[in-house]
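Below, each chain spelled out in residue letters.
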Amino acid sequence: MKRLYKVRFNLGKGKNYMKWKVEGPEGVSYYDPDEIQIVMYECQLKNQQKTAEKILAGAHKTVCAWVKCTAVEIQEPNTVSWDNFIHLNYNPRVFPHWFINSGENIDGMVLEQIVSVGKKLIGISK
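Residues numbered from 1 in each chain as written. Predicted model: local features only at pLDDT ≥ 70, side-chain atom pairs only at ≥ 80, totals over all residues. Heavy atoms only, no water.

(A) Spatial organisation of the overall build of the chain. Summing up its helical and strand segments, the chain has one helix and nine strands in all. Order of helices (α) and strands (β) in the chain, N terminus to C terminus: β-β-β-β-α-β-β-β-β-β. The C-alpha radius of gyration computed for the chain amounts to 14 Å, which stays within 12% of the reference 14 Å derived for 126 residues, consistent with globular compactness. Counting only C-alpha atoms, the chain reaches 40 × 35 × 30 Å along its principal axes. Counting contacts in the chain only where the partners sit at least 6 residues apart, residues at least 24 apart contribute 60% of the total. Accessible area for the chain stands at about 7,500 Å²; split by element, carbon and sulfur atoms hold 49% of it. Taking the average place of the 17 positive charges on the side chains of the chain and the average place of its 13 negative ones, the gap between the two points comes to 11 Å. (Helix = DSSP H or I, 4+ residues; strand = E, 2+ residues; numbered from the N terminus. Rg over C-alpha atoms; globule rule 2.2 N^0.38 Å. Contact = heavy atoms within 4.5 Å. Areas by Shrake-Rupley, 256 points an atom, 1.4 Å probe, with all protein chains shown as cover. Lys, Arg positive; Asp, Glu negative; His and termini not counted. Charge placed at Lys NZ, Arg CZ, Asp CG, Glu CD.)

Listed below in structure tokens is the structure:
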């Protein structure tokens, strides 16, 4: 299944700092996490392990992780409780891979949907 979209949190300096970056067939768009919610479909967590390991060892941060998906919807944020869903984490200063709260490596995990909630990602599987 072809993944048409690439979604990541932008930490590059400039006007789009701390915004969601969505790359797709329509081009590149940036979204303020406090103003929207992104719903991603048929997703896979991607990571460049060697780059993440260098960051863990103290190198400067650079792009090394993103979500690939077949479709995205930009919505107004909702107030659903996300407590019982999979909280997806990525911080190469903590672990050089995508992880859940236990630290379990979930690089490459495929999920039916991922939803952005502010600056966080929530995974939804069947």
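(B) Spotlight on the packing of aromatic side chains. By the definition in use, this model includes three aromatic pairs. Taking 4.9 Å as the distance between ring centres and 70° as the angle between the ring planes, the aromatic pair formed by Phe9 and Trp20 counts as edge-to-face. Taken as a pair, Phe9 in strand E1 (residues 5-10) and Trp20 in strand E2 (residues 19-24) lie far apart in primary sequence, 11 residues in all. Here Trp20 falls in the buried class, since its relative accessible area comes to 3%. A centroid spacing of 5.2 Å and a plane angle of 50° characterise the contact between Tyr90 and Trp98, whose relative ring orientation is tilted. (Phe/Tyr/Trp six-rings, centres within 6.5 Å; stacked < 30°, edge-to-face > 60°. Buried < 20%, exposed > 50% of the residue type's maximum accessible area, 1.4 Å probe, protein only.)

(C) Spotlight on the pairing of strand E5 (residues 65-69). Of all the five residues making up E5, four are buried; the element is thus mostly covered by neighbouring parts of the structure. With three bridges connecting them, E1 and E5 associate as antiparallel partners. The residue of E5 that forms the bridge with Tyr5 is Cys69. Strand direction decides the pairing type here: strand E4 (residues 37-47) and E5, joined by four bridges, are antiparallel. Counted as the bridge partner of Lys46 is Trp66 from E5. (Pairing = 2+ DSSP bridges.)

(D) Representation of the nonpolar core within the structure. If you look at the biggest cluster of nonpolar residues, it comprises 18 residues, and the most contacted ones within it are Met40, Val67, Leu88, Trp98, Ile114 and Leu121. If you list the elements that add at least two residues to this core, you get E1, E2, E4, E5 and strand E8 (110-117). In terms of residues, this core owes the most to one element, E4, which gives four residues. Listed in part, the five residues of the second largest apolar core include Trp82, Val115, Ile122 and Ile124. (Core = buried A, V, L, I, M, F, W, Y, C linked by side-chain atoms within 4.5 Å.)

(E) Structural detail: the pattern of salt bridges. Overall, the coordinates contain one salt bridge when judged by the stated rule. Put simply, Lys21 and Glu23 hold a salt bridge, and the shortest N to O gap is 3.8 Å. (Salt bridge = Lys/Arg side-chain N within 4 Å of Asp/Glu carboxyl O.)

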